[in-house]
Amino acid sequence: MNLTDPIFTDADKARAHLEQTRWPHGPVCPHCGVVNEATEMKGRAHRAGLYQCNACRDQFTITVGTVFERSKVPLNKWLLATYLMSSSKKGISAHQIGRTLGVTYKTAWFMCHRIREAMTENNPAPLGGPDRTVEVDETYVGGKEKNKHSKARGKSPKHAVVTLVERDGRARSFHVANVTTKTLRPILVTAAHRSSHLMTDGAKFYIRPGEEFASHSAVDHIRGEYVRDGHKHSNTAENFFSILKRGIIGTFHHVSEAHLKRYLAEFDFRYSNRVGLGINDTMRTDEALRGIGGKRLMYRRAGEAAYA
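Throughout what follows, the structure given in this document is the object of discussion. Note that the structure is a prediction, hence the values are computed from the model and not measured.

Brief notes about the layout of surface pockets
The calculated volume of the largest pocket comes to roughly 580 Å³. Considering the residues around the largest pocket, the lining is formed by 27 residues, among which Met119, Thr120, Glu121, Asn122 and Ala265 are closest to the centre. Where the lining of the largest pocket is concerned, the elements lending two or more residues are α4 (105-119), β6 (171-176), α8 (260-272) and α9 (281-290). Looking at the lining of the largest pocket element by element, the count peaks at 7 residues for α8. Partitioned by chemical class, the residues of the lining of the largest pocket number 10 nonpolar, 7 polar and 10 charged.

Concerning the side chain of Asp137
Its location among the elements puts Asp137 in strand β4 (residues 133-142). Comment: no salt bridge for buried Asp137; closest opposite-charge side chain is Lys245, at 9.0 Å. Once residues within four sequence positions are removed from consideration, Asp137 is found in contact with Val161, Val162, Thr163, Asp201, Tyr206, Ser234, Ala237, Glu238 and Phe241.

Describing the side chain of Arg284
Locating Arg284 in the fold gives a position in helix α9. Engagement of the side chain of Arg284 in a polar contact is seen with the backbone oxygen of Asn273, the distance being 2.7 Å. In this view, Arg284 contacts Ser86, Ser87, Phe269, Arg270, Asn273, Arg274, Val275 and Ile279; residues no more than four positions away in its chain are not counted.

Observations concerning the pairing of β4
In terms of burial, β4 is largely enclosed, as 8 of its 10 residues are buried. Across 3 bridges, β4 lies against strand β7 (residues 197-201) in parallel orientation. Within β7, the position partnered with Glu135 by the bridge is Met199. One ladder, built from 9 bridges, connects β4 with strand β5 (residues 158-166); its direction is antiparallel. From the neighbouring strand, Glu138 faces β5, where its bridge partner is Val162.

Here we look at the nonpolar core
Counting residues in each nonpolar core, the largest one holds 35 residues, and the members touching the most others are Phe68 and Ile97. Sorting the residues of this core by element identifies α1 (11-22), β2 (51-53), α2 (75-87), α3 (94-101), α4 and α9 as the ones contributing at least two each. In terms of residue count, α2 provides more of this core than any other element does, 8 residues in total. Here Ile97 is in contact with Ala81, Leu84, Met85, Ile92, Ala108 and Cys112, once residues within four sequence places are set aside.

Regarding the packing of aromatic side chains
Applying the stated criterion across every chain yields a total of 10 aromatic pairs. Relative to Tyr51, the ring of Trp23 lies with its centre 5.6 Å away and its plane at 85°, an arrangement referred to as edge-to-face. A residue pair is termed long-range when its members are at least 10 positions apart, and Trp23 in the loop between α1 and β1 (38-40) and Tyr51 in strand β2 qualify at 28 residues. Of the residues examined, Tyr51 reaches a relative accessible area of 9% and is grouped as buried. What links up through ring pairs into an aromatic cluster is the set Trp23, Tyr51 and Phe60. The lysine or arginine in question, Arg270, covers the ring of Phe267, its NZ or CZ lying 4.8 Å from the ring centre. Its end group placed over the ring of Tyr271, Arg274 keeps NZ or CZ at 4.1 Å from the ring centre.

Description of α3
Here α3 has its buried residues at Ala94, Ile97, Gly98 and Leu101. For α3, the buried positions fall inside an angular range of 100° around the axis, keeping them on one side. At the exit of α3 stands Gly102, carrying a positive phi of roughly 75°.

As for the sheet that holds β4
What the 5 strands build is an open sheet, ordered β6-β5-β4-β7-β8; its pairing is mixed. In this open sheet, the two strands that pair with only one neighbour each are β6 and β8 (215-219). Along the sheet, successive strands turn relative to each other by an average axial angle of 25°, direction set aside. Where β5 and β6 come together, 6 bridges link them in antiparallel fashion.

So, the pattern of salt bridges
In the structure shown here, the tally under the stated rule is 15 salt bridges. A salt bridge links Arg262 to Glu117, with the nearest nitrogen and oxygen atoms 2.6 Å apart. Remark: Glu117 occurs in helix α4 and Arg262 occurs in helix α8; sequence separation between them is 145 residues. Accessibility assignment for this pair places Arg262 and Glu117 in one class, buried. Across the pair Lys232 and Asp229 runs a salt bridge, and its minimum N-O distance is 3.6 Å. Under the relative-accessibility criterion, Asp229 is labelled exposed at 56%. When salt bridges with common partners are traced through the structure, they connect Asp12, Arg15 and Glu19 into a single cluster.

How each quantity is defined
Residues numbered from 1 in each chain as written. Predicted model: local features only at pLDDT ≥ 70, side-chain atom pairs only at ≥ 80, totals over all residues. Heavy atoms only, no water. 1 Å grid on protein atoms, 1.4 Å probe; cavity = no way out; pocket = protein on both sides within 12 Å on 5 of 7 lines; lining within 4 Å. Points joined across faces, edges and corners; volume = space filled by probe spheres on them. Helix = DSSP H or I, 4+ residues; strand = E, 2+ residues; numbered from the N terminus. Nonpolar A, V, L, I, M, F, W, Y, C, P; charged D, E, K, R; others polar. Buried < 20%, exposed > 50% of the residue type's maximum accessible area, 1.4 Å probe, protein only. Lys, Arg positive; Asp, Glu negative; His and termini not counted. Salt bridge = Lys/Arg side-chain N within 4 Å of Asp/Glu carboxyl O. Contact = heavy atoms within 4.5 Å. Polar contact = N/O pair within 3.5 Å; in protein donor to acceptor, adjacent residues only side chain to side chain. Pairing = 2+ DSSP bridges. Core = buried A, V, L, I, M, F, W, Y, C linked by side-chain atoms within 4.5 Å. Phe/Tyr/Trp six-rings, centres within 6.5 Å; stacked < 30°, edge-to-face > 60°. Lys NZ or Arg CZ within 6 Å of the ring centre and 35° of its normal. Arc of directions from axis to C-beta. Axes fitted to C-alpha atoms, helices over the stretch in contact; angles between N-to-C directions.

Here's what the structure looks like:
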């Protein structure tokens, strides 16, 4: 798959690719869940890609029940946007998506958020496990105090992000109101398997949650310690943050608190499906397309998301 692939210019070929990716064993009825028991409607009055379920008799297409549902944007443009977001290591702005696809910024912005929702994990299994190491670290993203208007009041609009990274595995990030033992513990014990070895820096809010894992090691950054015994470090998590911050600062420039979790899901997705794990751009794009189901994202008003 590359930018000259016909699925990015032909809506019918894009639909066929999407059907093959999401329905490898035949059409799946989004109404009753029956697999490969549908008839394609090929009458002159029927639109392309329309199926009728032989079990419940309801009609559907490949986009019903997905983030693409009821969109007037052609499927080939949806697939191209998904490919661009999946293959851009530091992300791609909605302005650039709009220019590339020939759609308005408003349309591109909405498309990007729908695709980010598709990249979000469904019922993810805990990271790590026996004999596995999970690194945890926190960072802050947002504006700098020195860049604020002189009359502005309050603190710098920075937002706390906590990320767990499984060595040679996946990443999972969370936006938290503040970083304390009380806010971190539920995240750590849910997102990481308790049989894992937990690896953090020397921050005090990791001490008590660390006692619930098979083992817990920490390096003291304050004293200039970053690696101990060759394998005790949180450098993998910090490397993830370097990519995240380059993307937010260099590509998006500003990320609102209301949507930060979706940008984090995007960076988590690309990291968890990276080349180092044997996954190329095509495979990563198809994985995102497999995640579009059951996530029809809508907006009732600015900053408020809802599922239909």
